[in-house]
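A structural walkthrough
Now for the letters of each chain:
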Amino acid sequence: MDINEVGFTAFVIASIRALEQDRSPALFSDPHAAWFSNDRALGAARQLDQVFPPSTTMVRFRTRYFNRFLERGMAEGARQVVLLGGGFDMRAHHLARPGVSFFEVDQRAVLEFKQAVLAERGHRQPPSLYGNYLEVDVPHGLAKVGFDPEAPTLIVWEGNTMYLPPELILPFLNRLAGAIPSFRIAFDYFSVDLQKREFENPEDMRRLEGVEKAMGASFPTGFPDLGIFEEHAPYRVAESGTFAELGVEFGLGEMVAAYPEDWRETLKLYRYCVLERRGA
Ligand SMILES: C[S@@+](CC[C@H](N)C(=O)[O-])C[C@H]1O[C@@H](n2cnc3c(N)ncnc32)[C@H](O)[C@@H]1O
C-alpha cells in the first residue's frame, strides 16, 4: 500500500468520525468509520485538538452538514451522488436510497485499501473512479462505471479544496460544468488567500499551521471571495456560511457560544459553500 500524505488525511477524518458514537449528543451515525481508524490517525486527531480545540468539533459539524446536503438534495429529486475525494466516506452505504446511485472518486491507493477492507467484511465498494481527479477526465471516467451525465447530481467535495493547487481548481470546475448539465457541488474551504497568508491575527496563522502539521499535509488553497466561481465559471453560489454558526441548529449552540472570543473569530475562516451549475 502506498498512501501519500493527502491520503493519510482520510484516516484522520475517519478516526474523528469513529469517535462520534461515544458522544452526546451524537451529530451523526457512521458505524463503519472505525474500520478506517488506526493509532497514528487517532494521534493526529488528538494533536488537532491540542493545537486548536474546536478543530475536531468542526469536522463533526461538517459531517452533519454534508449529510444534510445529501438528504435534502435526494428528497428534492437528485438521482446520483458523487463523493469526490471521498476517502473513507461510507455515505454510499448508510445514506443509500432506492433510485439514487452513489459513485466515488479518489486516489487508487486509497480506494484499493477501502475496497479491501469492505471486501473482508462482506461489503462492496460503490462504482468508483480511481485516480487524481485533477488529471483524469472525471465525467467520462464516471460514465464508464454507470454515471449518467444527464441525471440530476449532487457532488460532495468534503475536506479537499485546501489541499489542491489553487491554479487547477477553476479549470477543473469548468470541465465538470462542461460535461454535466445539472448538479450541485458542496465543499468546505478556508476563506483566506493561503498563498499570501496575510492574516489579520497572527494567532489564526499559528492555528492553521498547527492544523497542517497535525494532518501531515499543507493547505495551499483558500477562497477569500466566492465570486470567482460566478465570474470565471458557470456557477451560482447557492449556499454559504461558517460551520460554527451551524452549532445552534445542531444542538451545540451553547458550546460554541462559550468558546473564547478569539476562537470564534478564527472559526469564521472555516466555511461551507454549495455551488449550483447555472442553467441547472
Ligand atoms: C481529508 S481527506 C477527506 C476524505 C473524505 N471526503 C472525508 O471527508 O472523510 C481528503 C481525501 O481527498 C483525496 N484527494 C485529495 N486530492 C485528490 C485528487 N487530486 N485526486 C483524488 N483524490 C484526492 C485524498 O486521497 C483523501 O482521501
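The following refers to the structure shown. (Residues numbered from 1 in each chain as written. Predicted model: local features only at pLDDT ≥ 70, side-chain atom pairs only at ≥ 80, totals over all residues. Heavy atoms only, no water.)

The next subject is the packing of helix 2 (residues 39–51) against helix 8 (residues 202–215). Between helix 2 and helix 8, the shortest axis-to-axis distance is 9 Å and the interhelical angle comes to 170°. Relative to helix 8, the element helix 2 is oriented roughly antiparallel. In this structure, helix 2 uses Ala44, Gln47, Leu48 and Val51 to contact helix 8, whose residues at the interface are Arg207, Gly210, Val211, Lys213, Ala214 and Met215. Across the contact of helix 2 with helix 8, the residue classes tally to 6 nonpolar, 2 polar and 2 charged. (Axes fitted to C-alpha atoms, helices over the stretch in contact; angles between N-to-C directions. Helix = DSSP H or I, 4+ residues; strand = E, 2+ residues; numbered from the N terminus. Parallel < 35°, antiparallel > 145°, perpendicular 65-115°, else oblique. Contact = heavy atoms within 4.5 Å. Nonpolar A, V, L, I, M, F, W, Y, C, P; charged D, E, K, R; others polar.)

With that settled, the discussion passes to empty space enclosed by the protein. All told, the structure shown has 2 cavities of 30 Å³ or more when counted by the stated rule. Reported here for the largest cavity is a volume of approximately 60 Å³. If you go around the largest cavity, the residues you meet are Arg17, Phe28, Ser29, Asp30, Thr63, Asn67, Asp89, Met90, Arg91 and His94. Only helix 3 (55–75) and helix 4 (91–94) provide two or more residues apiece to the lining of the largest cavity. A breakdown of the residues in the lining of the largest cavity according to their chemical character gives 2 nonpolar, 4 polar and 4 charged. Estimates place the volume of the second largest cavity at around 30 Å³. Looking at side-chain class alone, the lining of the second largest cavity contains 8 nonpolar, no polar and no charged residues. (1 Å grid on protein atoms, 1.4 Å probe; cavity = no way out; pocket = protein on both sides within 12 Å on 5 of 7 lines; lining within 4 Å. Points joined across faces, edges and corners; volume = space filled by probe spheres on them.)

What follows concerns the packing of aromatic side chains. When we look at a pair of aromatic rings, we describe it by the centre distance and by the angle of the planes. Counted according to the given criterion, the structure contains 25 aromatic pairs. Where Phe11 meets Phe88, the ring centres are 4.7 Å apart and the plane angle is 65°; that geometry is what we call edge-to-face. Placement of Phe11 in helix 1 (residues 5–18) and of Phe88 in the loop between strand 1 (80–84) and helix 4 is noted, with a sequence separation of 77 residues between them. Residue Phe11 is classed as buried on the basis of its relative accessible area, which comes to 7%. With a relative accessible area of 1%, Phe88 lands in the buried category. Taking the centre distance of 4.7 Å and the plane angle of 5° together, the rings of Phe36 and Phe88 count as stacked. Placement of the pair is Phe36 in the loop between helix 1 and helix 2 and Phe88 in the loop between strand 1 and helix 4, with a sequence separation of 52 residues. (Phe/Tyr/Trp six-rings, centres within 6.5 Å; stacked < 30°, edge-to-face > 60°. Buried < 20%, exposed > 50% of the residue type's maximum accessible area, 1.4 Å probe, protein only.)

The subject of this paragraph is helix 5 (residues 108–120). In this model helix 5 runs 18 Å from its N-terminal to its C-terminal C-alpha over 13 residues, within 8% of the 18 Å that 1.5 Å per residue would give. Listed as buried for helix 5 are Val110, Leu111, Lys114, Val117 and Leu118. One side of helix 5 holds all its buried residues, which, seen down the axis, span an arc of 125°. Counted as exposed and oriented over 90 degrees from the buried face of helix 5: Ala119 and Glu120. Where helix 5 is buried, its residues contact helix 1, helix 4, strand 2 (101–106) and strand 3 (128–130). One or two steps after helix 5, the chain reaches Gly122, where phi turns positive at roughly 80°. (Expected span 1.5 Å × (residues − 1). Arc of directions from axis to C-beta.)

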